[in-house]
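The lines below spell out each chain.
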Amino acid sequence: MTEVQLDLTVNGRRHRLSIPAHYSLLDVLRDELELTGTKTNCLEAECGVCTVVLDGKSVASCTVLAAQCQGRQVATVEGLAEGAALHPLQEAFIEFGAVQCGYCIPGMIMTAKAFLDENPRPTRESVREAIAGTLCRCTGYQKIVDAIMAAAQRLSQQGERA
Amino acid sequence: MNSPFRVIGKSFPRLDARGKVSGKAIYGTDFAMQGMLHGKLVHSTIASGEILSVEIEEALAMPGVYEVVTAADIPAQRYGSFVKDMEVFASKRVNFVGQPVAAVVARTAEEAEAAAKAVRVEYKEQAAVFTTEDAVKADAPLVHPGWQEYKAVPTVKRQGNITNQARLVLGDVDKALKKSDRVFTHRFVTNIVHPGYTEPRAAIAHWADGKQLHVWSNTQLPFEAQATLAEIFKITPSQVRVNVTVIGGGFGGKLRLGVEHYAAAAALKVGRPVKFVSSCEEEMTAALPRQPLVIDLTTGVTKEGKILAKAASILVDTGATSGSGVGVASSVMLMLAGPYKIPNLRLESRSVYTNKTPTGSFRAPAGPQGNFAVESQMDIIADALGIDPLEFRLRNIVREGDLAPNGQKLESVSLEECLLKAADAIGWKDRRPEPGRGKGIACAWWTTTSGSSGVYVKVGPDGQVFLNTGCAEIGTAALTGAAQVLAEALGVELGSIQIVSGDTASTPFDYGAQGSRTAFAVGNACIDAVGKLHQRMKEIAAKQLSAKPEEIEIENGVAKFGDKSLTLKEIAAIAQTSQGGLIAHGTFIAPPTLHDKERTENMVITAINSPSFHAHAVDLSVDAETGEVKIHDYVVVQDVGRAINPTYIEGQIEGGVVQGIGQALSEEIVYENGIVRNPGLTDYKMPTAMDAPNIRSFIVESPSKVGPYGAKGVGEPPVIHPPATIANAIASAVSARIQTLPITAEKIVRTLTEVSETGK
Ligand code: FES
Ligand code: FES
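What you see is a predicted model; the values in this text were computed from it and never measured. (Residues numbered from 1 in each chain as written. Chains lettered and ligands numbered in written order. Predicted model: local features only at pLDDT ≥ 70, side-chain atom pairs only at ≥ 80, totals over all residues. Heavy atoms only, no water.)

So, about helix H12 (residues 415-426) of chain B. All names here are of chain B. Over its 12 residues, H12 extends 17 Å from the first C-alpha to the last, a length consistent with the 16 Å expected when each residue adds 1.5 Å. Buried residues belonging to H12 abut helix H11 (389-394), strand S16 (437-446), strand S25 (612-622), strand S26 (629-639) and strand S29 (695-700). Immediately beyond the C-terminal end of H12, within one or two residues, lies Gly427, with a positive phi of roughly 75°. (Helix = DSSP H or I, 4+ residues; strand = E, 2+ residues; numbered from the N terminus. Expected span 1.5 Å × (residues − 1). Contact = heavy atoms within 4.5 Å.)

Here we come to the side chain of Glu260 of chain B. Residues and elements named next belong to chain B. Its location among the elements puts Glu260 in helix H7 (residues 260-270). Of the side chains with opposite charge, Arg201 comes closest to the buried, unpaired Glu260, at an N-O distance of 7.0 Å. Not counting the four nearest positions on each side in its chain, Glu260 is found in contact with Ala203, Val215, Ser217, Thr219 and Leu229. (Buried < 20%, exposed > 50% of the residue type's maximum accessible area, 1.4 Å probe, protein only. Lys, Arg positive; Asp, Glu negative; His and termini not counted. Salt bridge = Lys/Arg side-chain N within 4 Å of Asp/Glu carboxyl O.)

Residue and element names in this part refer to chain B. Orientation of helix H9 (residues 325-337) relative to helix H10 (residues 367-385), taken along the N-to-C sense of each, is 35°, at an axis distance of 9 Å. For the crossing formed where H9 meets H10, the hand is right-handed. From H9, Val328, Val332, Met335 and Leu336 reach across to H10, where they touch Gly367, Gln369, Gly370, Asn371, Ala373 and Val374. Partitioned by chemical class, the residues of the contact of H9 with H10 number six nonpolar, four polar and no charged. (Axes fitted to C-alpha atoms, helices over the stretch in contact; angles between N-to-C directions. Left-handed = near helix turned anticlockwise from the far one by under 90°. Nonpolar A, V, L, I, M, F, W, Y, C, P; charged D, E, K, R; others polar.)

Moving on, we come to unusual backbone geometry. Cis geometry marks the peptide bond from Leu741 of chain B to Pro742 of chain B, where omega comes out at -5°. By secondary structure assignment, the location of Pro742 of chain B is in the loop between helix H17 (722-734) and helix H18 (745-757). In this structure, Leu43 of chain A takes a positive phi of about 60° despite not being glycine. Structurally, the position occupied by Leu43 of chain A is in the loop between helix H1 (25-32) and strand S3 (51-54). Even without glycine at this site, Ser412 of chain B takes up a positive phi of about 55°. Locating Ser412 of chain B in the fold gives a position in the loop between H11 and H12.

The next point concerns the domain arrangement of chain A. Residues and elements named next belong to chain A. Domain boundaries assigned for chain A yield domain 1 (3-79) and domain 2 (88-161). One C-alpha centre belongs to domain 1, the other to domain 2, and the line joining them spans 22 Å. The interface is formed by 16 residues belonging to domain 1 together with 12 residues belonging to domain 2. Here domain 1 meets domain 2 over a buried area of about 1100 Å², counting both sides, of which 62% is carbon and sulfur. At the junction of domain 1 with domain 2, the criterion picks out one salt bridge. Note that Glu118 is salt-bridged to Lys57, the shortest N-O span being 3.9 Å. (Domains from an automatic or database assignment. Buried area = accessible area lost by both parts, 1.4 Å probe.)

Turning our attention to the nonpolar core. Grouped together as the largest cluster of nonpolar side chains are 152 residues, with contacts concentrated most on Phe93 of chain A together with Leu336, Leu620, Ile726 and Ile730 of chain B. Ignoring sequence-local partners within four residues, the contact set of Phe93 of chain A consists of Ala98, Val99, Ile105, Met108, Ile109, Ile144, Ala147 and Ile148 of chain A together with Val21 of chain B. Membership of the second largest hydrophobic core comes to 46 residues, among which are Cys471, Leu490, Leu494 and Ala572 of chain B. (Core = buried A, V, L, I, M, F, W, Y, C linked by side-chain atoms within 4.5 Å.)

It is common to give the size of an interface as the accessible area lost on bringing the parts into contact. Residue and element names in this part refer to chain B. For chain B, the assigned domains are domain 1 (37-126 + 201-277), domain 2 (293-448 + 595-758) and domain 3 (450-588). Taken over C-alpha atoms, the centre of domain 1 sits 36 Å from the centre of domain 2. On the side of domain 2, 19 residues touch domain 1, which itself brings 14 residues to the contact. With both chains or domains summed, domain 1 and domain 2 bury close to 1300 Å², and 61% of this area falls on carbon and sulfur atoms. Its largest share of buried area at the contact with domain 2, domain 1 owes to Phe82, Phe96 and Phe251, together 42% of the area lost on that side. Taken together, domain 1 and domain 2 are joined by zero salt bridges. Put simply, domain 1 and domain 2 have five residue pairs in polar contact (both at pLDDT 80 or more) between them. A breakdown of the residues in the side of domain 1 that touches domain 2 according to their chemical character gives eight nonpolar, four polar and two charged. (Polar contact = N/O pair within 3.5 Å; in protein donor to acceptor, adjacent residues only side chain to side chain.)

A separate point is the packing of aromatic side chains. By the definition in use, this model includes nine aromatic pairs over all chains. Seen in terms of ring centroids, Tyr103 of chain A and Tyr27 of chain B are 5.0 Å apart; in terms of plane orientation they differ by 75°. Their pairing is edge-to-face. Highlighted residues: Tyr103 of chain A in the loop between helix H2 (88-95) and helix H3 (105-118) and Tyr27 of chain B in the loop between helix H1 (17-21) and strand S1 (37-43), drawn from two different chains. Classification of Tyr103 of chain A by relative accessible area gives buried; the value is 0%. A relative accessible area of 1% means that Tyr27 of chain B is categorised as buried. Note on Phe520 of chain B and Phe588 of chain B: the rings are 6.0 Å apart at their centroids and 75° apart in plane angle, and the pair reads as edge-to-face. With a gap of 68 residues between them, Phe520 of chain B in helix H14 (residues 518-544) and Phe588 of chain B in strand S23 (residues 582-589) connect regions that are remote in the sequence. There is no split in this pair, since Phe520 of chain B and Phe588 of chain B are both buried. Chaining the aromatic ring pairs together yields one cluster made of Phe89, Tyr262 and Phe276 of chain B. Looking at Arg14 of chain B, its charged tip hangs above the ring of Tyr648 of chain B, at a distance of 5.7 Å from the centre. The side chain of Arg290 of chain B reaches across the aromatic face of Phe362 of chain B, ending 4.2 Å from its centre. (Phe/Tyr/Trp six-rings, centres within 6.5 Å; stacked < 30°, edge-to-face > 60°. Lys NZ or Arg CZ within 6 Å of the ring centre and 35° of its normal.)

Turning next to H2 of chain A. All names here are of chain A. Across the eight residues of H2, six count as buried, placing the element largely inside the fold. Within the span of H2, buried status applies to Pro88, Leu89, Gln90, Ala92, Phe93 and Ile94. Gly97, located one to two residues past H2, shows a positive phi value of around 65°.

With that out of the way, let us pick up the pattern of salt bridges. All names here are of chain B. Within the structure shown, the criterion is met by 50 salt bridges over all chains. Arg393 serves as the salt-bridge partner of Glu375, at 2.7 Å between the closest nitrogen and oxygen. One end of the pair, Glu375, is in helix H10; the other, Arg393, is in helix H11, and 18 residues separate them in sequence. Take Glu375 and Arg393: they sit in the same class, and that class is buried. Each member of the salt-bridge network shares a partner with another, and the members are Arg14, Asp16, Lys20 and Glu473.

Below is the structure:
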């Protein structure tokens, strides 16, 4: 198996790894770095549970070749909270009852994070469009949309205060 | 609001939320052990035939491979819910494409997968049968030629490919049909759909000293997994310990063994822990999807719109094993009869083998199929009689004190209220607001599954309360609901409760997270435990306060005698130093639902326990050119008895409706000669956030006598009505009456073209 050297920053921590050349970013996160907050399911970019933020954009990490992430920045759900303080998206998901089994939630939250960073004042429709690549079988999406809308408002208020 | 409750009825956040939003919850796919190896399955490539040979040499020589495991490595043993027709690995013959024949164990999952492809299985192919209509023919090839040797529960009546023939009979149907002004007969056909949980089935098994099997998995039913694994490996249940990980959704698809048995067989052979995770393709080809049904339904009515009789013939396609399909064939008859008052019934159902994927118990196992038939036909009849469909239902629905089709007396019947509220909310008076737009309505009842529950409730010296239950949390937040019941009854805050769940070695037995029963049954066991805790508290407080136990009053968790008192925390601290702590074993078993056994023949499910009632209504448009359906508004009115946590009840409703919309409009596992044509999520279309409408939920509280604080089962009902509700609205919008699921855009266009060509 050919190995490649990978220099990758995950949640602000720099890693220098030697990995099989065919590994996906998801393989590196879950198997090499043992960050299992990012979930695994279809492995064909259809379900979205593996979504992480790569250089500011949400991607299905199961279909991103790790070797192509050389020198890049990855954000996963594990890096969102600051100490004991949850991110406003995480708080809103709890508060609005948007979490059931929770397996889609890391992917949903990271999708929402990248989306809100670019679109601080979304509409419900645009939120639905943004998360359409991530399947949730439990919630019917309604409370997830509620949570993202509420988080958007709080984040923009925080932004104004800062 | 003046609620008499402190904790019940309030939308507290679920107790396990933080771990889930921070990525720290450990699911089945995440769980790992030191020294663990990985397993992958080798699947049958033919639908029916004998196994001539299994060549493993090439696979064994591949990098990283430890062992190849086959039927020869484990006891020859068949298992199953009603008929013991399943085996871990096919031993002599295979009966569906995708059936596990062997497993490869390797250092990594990747190596195991590569080697699994190198295992060569030679077959002698035999004739297969793919539809129930073919399978019941006298000369049909047998899916299980050895069926007569299988053990089965005594209730079932089997013959060849038929695993049970059951009937529900009342009155004289032939006479009533003759007396009817109009008689309607229709065929309804439903689709095979996957539960669609986002976390695939996963397990790790480890044999300590070769005799004690320890399994960690995302099973919904740890105690059933324990019992089945014991049966398979010919050991006693206590030699098996099952621990449940966090579960990424179940919906009934994780009730039966998923991959635990493969992991256990592999671990036994290699002597190390082995992990199995289903691939997406395995989920779509060899998991436990919903049974597709063919329902021929005949109804006789008077011209005033009174139903006089119903007759039905039902074929349940269970796939290659009977599984819970035998149960579906029984419970669908309870769905087909009602929620209506019908004096004459003759319902006949057969569960039937075909050479396809074995099926399971997807959420409300017979609900959507039966409801689609009954509620579609109600609209067809109403239209033919010129009666408003809502009015037609109101003339026939069951009301307080009526008898259900099985003769059980119905209590706490809220169906009329549900229907009227749903109609009102959707704006029923204006049923066809514009061309291409229409509204639909459907109603149903559903059972709250019984079974026994035990809990240990333990209070720590710091006042923290442990709710220790054998029931798993599959995502619904039902255990948070049970904890709310406990907090209410014990007089503590919800925040002081911690849940410990799903360990067959240390948690008391529970019939498990299935059948809308978790909050209901575990909640009731908590109430029982609180009664016992209160007794202990009185005894301890009496000693401390120089009183008699019966003189002590307990109020909000505080024991009082005159002006002296002791808090729960103080009593727990005393109990810890003086008598091994404060703990109680609470239990619950639902009282049997009395019904008329004369009416049922060979039915394995005969009653609707603590029935809940509900109605759905939808407002949608259909694009006649493209067949595209656009849902404007979706309304659910559901009687939950008592709303323990309104937010999560809405969560069940919203999630269930969207899952039901998937079955109604887009989802289907498509077979061609027994081969799944859409084995991935690209072509198996579950609703996305763009497909899901906003849903308005209205909760009705008509308390049950049995449930905690009057609660009824909540989780399954929302998935029942969407196919019928949507079919009715489409028929009302564009006059396309579609009787086969899913109602794809294509089918709508085709039907509309046929209608315009025949000039109807
Ligand atoms: S696992 Fe990556 S999209 Fe499904
Ligand atoms: S919460 Fe279960 S899949 Fe979204």
